[in-house]
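A closer look at the structure
The residues making up each chain are set out below.
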Amino acid sequence: MPEPARLSASTPSVDPALQPRLVLTDLDGSLLDHHSYDFSPAAPWLARLKQMGVPVVPVTSKTRAELIPLREALGLTATPFIAENGAVIGLPPGWCHARLDRPGSGRDGVVIKHPGVDIGFIRARLKVWRERLDIRFTRMGEMNVAEVMELTGLDAVRARDARQREGSEPLLWEDSAAALETFRAALEGDGLQLTQGGRFWHVMGRSADKGNAVEWLVKRFTALRGRMPLSLGLGDGPNDITMLEAVDQAVVIRGCHDLAVEPRNASLYRTDATGPTGWAEGVAYWWGRDDRRLATAEKGDAALL
């Protein structure tokens, strides 16, 4: 599939060297390699952004359980996360509001927000529509750990974590394209939506997508910091489109798939590289040139640009 031409950046109305910044990123196929889950090509930029005080927020289809060890490995335990494609938002203590948020009950003190609907409702409606429409699909909740491991390449622990859903249900579609559209319309009548990911289709509440969650988080950042951030979004799949349309600057990372990713964003860059190498390429494109604040980082960072 030929890639569309790159679009040049529009000039921000605020001096980008002075404006606070926020990075919102997909994980699988973006910050993490699609097959190995390695992120080492992006590690220098992650360290540099941390040094500059720029929060890097995972925005992923992964579950909260999957993100606990990943946030530790990536050094992102002090930043929020968006899980299950927007159905779950996690706020660390530094991002909580004294009057709006109850103290977190987890071991890391994270406060959880659920913008969508309960997983029990989603599964009940999926059961109804599969029988009523006589369609074929397999929910992740119906798969055993070994089957999830085979489909995703995850080890047993991470495959178990992937099955711990709170507000969305991944499924493998096993029917026709026409049946898929009938199914999509039926879900919409229940206030649910169907989103395509890299491996699965995801069913979640209508308001629970990556874009809505990102907009909510940007508003929370602005309320806490008193200034609107310059936001950069990076992703490689169709389920990232709403996120890439909700940010000021967007990066479509070249994917290991043939799925169309066409966000409407005037400040859009498409990478040559895939995975975390493409992630670093995208960050360097937007923030690695003509930027006084980032230019004062470690002298050795010149090799990154």
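In the nomenclature of an unreviewed UniProt entry, the chain corresponds to HAD-superfamily hydrolase, superfamily IIB, YedP from the organism Vreelandella titanicae BH1.

Let's shift gears to helix α6 (residues 177-189). Taking 1.5 Å of rise per residue, 13 residues should cover 18 Å, and α6 covers 19 Å from first to last C-alpha, within 8% of that figure. Of all the positions in α6, only Ala179, Leu180, Phe183, Ala186 and Leu187 are classed as buried. Buried residues of α6 fall within an arc of 125° about the axis and therefore sit on the same side. More than 90 degrees from the buried face of α6, the exposed residues found are Ala177, Ala178 and Gly189. Considering only its buried residues, α6 is in contact with α3 (119-133), β6 (137-139), β7 (168-173), β8 (192-196) and β9 (201-205). A positive backbone phi angle near 80° is found at Gly191, which sits one or two residues after α6.

The four strands lie next to each other as β6-β7-β9-β8, forming an open sheet whose pairing is antiparallel. Edge positions in the open sheet fall to β6 and β8, since each of these has one partner strand only. Across the sheet, the axes of successive neighbouring strands diverge by a mean angle of 30°, strand direction being ignored. One ladder, built from four bridges, connects β7 with β9; its direction is antiparallel. Counterpart to Leu171 in the pairing with β9 is Trp201. Strands in contact with α6 are β6, β7, β8 and β9; relative to β8, the strand with the most contacts, it is inclined by about 140°.

Here Asp175 is to be found in the loop between β7 and α6. Asp175 sits in the partly exposed class, given a relative accessible area of 21%. The contact partners of Asp175, leaving out residues within four places of it in the chain, are Asp134, Ile135 and Arg136. Of the polar contacts made by the side chain of Asp175, one reaches the backbone nitrogen of Arg136; its length is 3.1 Å.

This part takes up the packing of aromatic side chains. Scanning the model with the defined rule gives six aromatic pairs in all. Taken together, the ring pairs connect Phe137, Trp173 and Phe183 into an aromatic cluster. Arg21 extends its terminal NZ or CZ atom over the ring of Trp287, reaching a point 4.5 Å from the ring centre. The ring of Tyr37 has Arg158 sitting right over it, with the charged end atom 5.0 Å from the ring centre.

The next subject is the pairing of strand β1 (residues 21-25). Taken residue by residue, a regular strand's side chains alternate between the two faces of the sheet. β1 sits mainly inside the fold: five of its five residues count as buried. Sheet analysis places β1 next to strand β10 (residues 230-235), joined by five bridges and oriented parallel. Within β10, the residue paired with Val23 across the bridge is Leu232. Here β1 runs beside strand β2 (residues 56-58); their pairing, made up of three bridges, is parallel.

Another aspect to go through is the pattern of salt bridges. A side chain with one charge can pair with a side chain of the opposite charge if their charged atoms come near. Taken as a whole and assessed by the stated rule, the structure comprises 19 salt bridges. Linking Glu84 and Arg165 is a salt bridge whose minimum nitrogen-to-oxygen distance equals 3.9 Å. With Glu84 in the loop between β3 (81-83) and β4 (88-91) and Arg165 in the loop between α5 (156-162) and β7, the pair connects residues that are 81 residues apart, well separated along the chain. A salt bridge links Asp101 to Lys113; its shortest N-O distance comes to 2.6 Å. In this pair, Asp101 is assigned in the loop between β4 and β5 (111-113) and Lys113 in strand β5, connecting sequence segments 12 residues apart. Residues joined by salt bridges that share partners form a network here, namely Arg123, Arg130, Arg139, Glu142 and Glu169.

Calculation notes
Residues numbered from 1 in each chain as written. Predicted model: local features only at pLDDT ≥ 70, side-chain atom pairs only at ≥ 80, totals over all residues. Heavy atoms only, no water. Helix = DSSP H or I, 4+ residues; strand = E, 2+ residues; numbered from the N terminus. Expected span 1.5 Å × (residues − 1). Buried < 20%, exposed > 50% of the residue type's maximum accessible area, 1.4 Å probe, protein only. Arc of directions from axis to C-beta. Contact = heavy atoms within 4.5 Å. Pairing = 2+ DSSP bridges. Axes fitted to C-alpha atoms, helices over the stretch in contact; angles between N-to-C directions. Polar contact = N/O pair within 3.5 Å; in protein donor to acceptor, adjacent residues only side chain to side chain. Phe/Tyr/Trp six-rings, centres within 6.5 Å; stacked < 30°, edge-to-face > 60°. Lys NZ or Arg CZ within 6 Å of the ring centre and 35° of its normal. Salt bridge = Lys/Arg side-chain N within 4 Å of Asp/Glu carboxyl O.

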